[in-house]
Structures are given as structure tokens and as C-alpha cells.
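Residue-level structure breakdown
Read off the chains here:
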Amino acid sequence: MLKESIQEYARGIAGGMMFSLPLLYTMEMWWSGFILHPLRLALLMVCTFVLLLGYNRFAGIRHDHTWTEVVIDSFEEMGIGLVLSATMLFLLNRINPQDAPAEAICKIVMEGMLVAIGVSVGTAQLGMDGCPEEDTPRDGWFAQLTLGVCGAVLFAANIGVTEEVQVLAMESTPWHQLGLMLASFAIGGMVLYFSEFQGSQRFARRESNLDIATGSVLNYSISFLVSAAILWFFGRLDDMPPAFCVSQTIVLAFPAALGASAGRLLVQ
Amino acid sequence: MKKNWLEWCVFALGLVLTLSILGYLIFLGLNRGEQPPIFKVTVGSPQKVSDGYQLRVDVYNQGDVTAQSVQVEVENRAEKARFQIDFVPEHSSAKGWVVFSQEPDRPKGKVTGFTAQ
């Protein structure tokens, strides 16, 4: 019993590292930690917690979870995420005891939230496939929406924080952006409906062409909104003209669309 | 719901950490002023090096906002030396060094420019 939970935490730690390592090694992330307003970081914590609740409810192999257990698991993952983030930032010498506490805590929160999502995904995905996959609650559209958001966040957060998104948005013409939108749209539809991706038949209904169209539209909508939210969190949309906000979101929506489709099927 | 002591400990740690950090951030956010960066520049005592005299400069940001690309200039007799600091967070200090060829005589340091959000 004790051994099992230690094994589960070990999987969580491995997953947390795996999914968040690029961000721990990204300069803009440490900077955001002390440039962003503390209330924005507080909101980031709340949103991450809500996302963890959704993911823990609908993903993974333990479907007999009650909401109480889901809440407990989510708090555990938040704690592991914060501790892991602090440990890694210390080992990388990004925080040290001489820092102002506010600065260090902001950095830890900034990095820790994606680590927490990684811990959750790792715990659910890296374990052995024990129980038969019947009667899972994740067939509903709300479950798929939640998992799609998780996939999009996992893929897009790593890219959204970099300055490259701004550079790409600045140097692309409206025609490039239109092309990128169509490509994002197409890749979502391709993964969900044509590629026989693992799990795609079960979780993406395709009884008619209308299903395919609505599914692709939904996939791109999730990607666009998640991209906009990520860019806003990182302060990329502050004081920017609306057209530039939209083009940045379009640039980031491509990785998000891949995450919301392929990522979603992988992290079920 | 069967949980062992380890799982309860991790849960308690997570609960305490999450809620206390969330509370701290909200406290920090609500009590944060809007004072733009104001600097206090302190020039340390000279140290003889092969190229001349090296001095440590401490730049303290008294404002409530992080300053970026902070240009620091130190004047000594007719000589000027400069460096740039990427970030000086609010109510924190950052340091740099300047080198003069002549022996320092009450060198004066100041910030000549910066960006902020």
C-alpha cells in the first residue's frame, strides 16, 4: 500500500519533470516571475487548480474517483509541483536564500504550475494499464473539452512564453496568418478524424460530415482561447494593439491545436 | 477512500503550500504600490587591478515595479564608466563593477535610463 503510493509519486515526479523541463530551462519564465503582477500569478494558481480538477476527474486509469478524492489529488499535485519547482530552481541557481522572498516565490509559482499539471499527467499516464477501459466518464463532450484544454496548455505553454511568438507575429503578413489558421484547423481535423490516431475512434465521434466539421471547429476554438489565455498570463497582450494580439494568438494556436487534438488523445 | 499516512502528509503539505502561497500573492498584489522605479546607487571602495581601479556598484530599486535594461553610469574626475543591468526587481538591489584608469576621487554613480512595464 505504502509502496504503491511511493511508486505513484515517483511517476508523478517523472511526469512533472518531463512536461515542464523546457520551461524550467527558459529564461523568459524566470523573468516573468518577477515582472508579472502578483494578482495575475494568484489567478494562474486558481486556473491551474481548476484544470487539475478537470484532468483528475476525467483522465487516467482510476475512474472510481469521487469529487472529494479529486480535490485531494489536486492539492497533492499542486504541492508536489511547487516543491519540485523550488528544488529545480535552486539546483539551477535561479533562486537562492539571498533573494527577496517575493521574487523567489513568484518564480516558484510561475514554474510550479506547469510542473503540477505534468505531475498529474505523469501519475495518470505513466502507470500500468490496470483496469479495463469501460464505462469511463470521459466520453462526454465536457470531458473531451476539459482534456482538450489540458492538451493545448501542455503544448502551447512551452512556446507561449518565448519572445519568438512576438517576432513571428510581427513578421507575418495577414496571408501567412490565414494560412496558419487553416493549417491549425486541418491538423486538428486530421488527427481527430483521418489518421487513426490511438483513441481517435473512441473519443471523436464521426457519424457524419457535420460531426467532423463541428469537432474541428471546436478543436480550433479551444486552441485559440487557450493561446490567448496563455499569452495574457505571460503579459504578451498588455498594451498591445488588438490586431497584434490576434496575430500572436494565431501563431500560438498552431501548437495549441496540435495539443488539443493529438495531445488530448495521448493524455486521456 | 483508503489513504495511508504518506498520502495524507502529501495532501496536507499541498494544501498548506497552495493556500499560503495563494494568500501571500493576493496580499502582495493588494498591497503593491504603483511607484515607478527610483534608484539609489552606491559606489563601493576601489580595488587596485592591473587595468586601474575597480569599484563595485550597488543599484537599489526603491519603486514598486521591476526595472529592465537599467543603464548605470559612474563619473570619476573626467572619466566615465558604464554598464547595464538586465533586471532590478522592485525593492531589491543588483550589482555591477566599473573600472577607472585614474585613482578614484569621490566617484558619483547614477542611473541614466531604464525600461519598465
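This structure is a prediction, so every number in the text was calculated from the model and none was measured.

All names here are of chain B. Locating Q35 in the fold gives a position in the loop between α1 (5–30) and β1 (39–43). Between the C-alpha atom of Q35 and that of D64, which follows or precedes it by 29 residues, the distance is 5.2 Å. Not counting the four nearest positions on each side in its chain, Q35 is found in contact with G63, D64 and V65.

Before going further, it helps to examine the sheet that holds strand β7 (residues 108–116) of chain B. All names here are of chain B. A sheet is described by the order of its strands in space; here three strands give the open sequence β5-β4-β7, paired in antiparallel fashion. On the outer flanks of this sheet lie β5 (79–88) and β7, each paired with one strand and no other. Adjacent strand axes in the sheet meet at a mean angle of 20° when their direction is disregarded. The sheet contact formed by strand β4 (residues 67–76) and β5 spans nine bridges and is antiparallel. The residue of β5 that forms the bridge with E73 is R82.

One frequent convention defines the size of an interface as the accessible area lost when the parts assemble. Residue and element names in this part refer to chain A. As assigned here, chain A comprises domain 1 (1–135) and domain 2 (137–268). On a C-alpha basis, the centroid separation for the pair domain 1 and domain 2 is 22 Å. Taken together, the contacts link 27 residues of domain 1 with 26 residues of domain 2. Interface area, domain 1 with domain 2, both sides summed: about 2300 Å², of which 69% is carbon and sulfur. Taken together, domain 1 and domain 2 are joined by one salt bridge. In this structure, the salt-bridge partner of R40 is D238, at a minimum N-O distance of 3.0 Å. On the surface where domain 1 and domain 2 come into contact, there are three residue pairs in polar contact (both at pLDDT 80 or more).

The next subject is the domain arrangement of chain B. The domain architecture assigned to chain B consists of domain 1 (1–31) and domain 2 (39–116). With centres defined by C-alpha atoms, the gap from domain 1 of chain B to domain 2 of chain B works out at 41 Å.

Once that is clear, we can look at helix α11 (residues 242–266) of chain A. It helps to recall that an α-helix has 3.6 residues per turn; residues three or four apart then point in one direction. The terminal C-alpha atoms of α11 of chain A, which comprises 25 residues, lie 34 Å apart, in line with the 36 Å expected from a rise of 1.5 Å per residue. A253 of chain A marks the point of greatest bend in α11 of chain A, at about 35°, and the proline P255 of chain A comes within the next four residues.

On inspection of all chains with the given rule, the structure shows zero disulfides over all chains. Unpaired in this structure, C106 of chain A has its nearest cysteine sulfur neighbour in C47 of chain A, at a distance of 16 Å.

Following the sequence through the fold, N76 of chain B ends up in strand β4. Setting aside residues no more than four positions away along its own chain, N76 of chain B makes contact with F100, Q102, E103, P104, D105 and P107 of chain B.

Attention now goes to the pattern of salt bridges. Within this structure, the stated rule accounts for six salt bridges over all chains. A salt bridge links D58 of chain B to R56 of chain B; its shortest N-O distance comes to 3.0 Å.

Before going further, it helps to examine the packing of helix α6 (residues 141–160) of chain A against helix α10 (residues 209–233) of chain A. Residue and element names in this part refer to chain A. Running from N to C, α6 and α10 point in directions that differ by 45°, and their axes come no closer than 9 Å. Relative to α10, α6 is oriented oblique. The two elements α6 and α10 cross, and the hand of that crossing is right-handed. Every residue of α10 that contacts α6 at L145, G148, V149, A152, V153, A156, A157 and G160 is listed here: L218, I222, V226, I230 and L231.

Taken as a whole, the second largest pocket spans an internal volume of roughly 730 Å³. D99 and E103 of chain A together with F87, S93 and A94 of chain B are, among the 24 residues lining the second largest pocket, the residues nearest its centre. With four residues, the single largest contributor to the lining of the second largest pocket is helix α2 (residues 27–35) of chain A. Considered class by class, the residues forming the lining of the second largest pocket number 10 nonpolar, six polar and eight charged.

Definitions and cut-offs
- Residues numbered from 1 in each chain as written.
- Chains lettered and ligands numbered in written order.
- Predicted model: local features only at pLDDT ≥ 70, side-chain atom pairs only at ≥ 80, totals over all residues.
- Heavy atoms only, no water.
- Helix = DSSP H or I, 4+ residues; strand = E, 2+ residues; numbered from the N terminus.
- Contact = heavy atoms within 4.5 Å.
- Pairing = 2+ DSSP bridges.
- Axes fitted to C-alpha atoms, helices over the stretch in contact; angles between N-to-C directions.
- Domains from an automatic or database assignment.
- Buried area = accessible area lost by both parts, 1.4 Å probe.
- Salt bridge = Lys/Arg side-chain N within 4 Å of Asp/Glu carboxyl O.
- Polar contact = N/O pair within 3.5 Å; in protein donor to acceptor, adjacent residues only side chain to side chain.
- Expected span 1.5 Å × (residues − 1).
- Bend = angle between axes of the 7 residues up to and from the residue.
- Disulfide = S-S within 2.5 Å.
- Parallel < 35°, antiparallel > 145°, perpendicular 65-115°, else oblique.
- Left-handed = near helix turned anticlockwise from the far one by under 90°.
- 1 Å grid on protein atoms, 1.4 Å probe; cavity = no way out; pocket = protein on both sides within 12 Å on 5 of 7 lines; lining within 4 Å.
- Points joined across faces, edges and corners; volume = space filled by probe spheres on them.
- Nonpolar A, V, L, I, M, F, W, Y, C, P; charged D, E, K, R; others polar.

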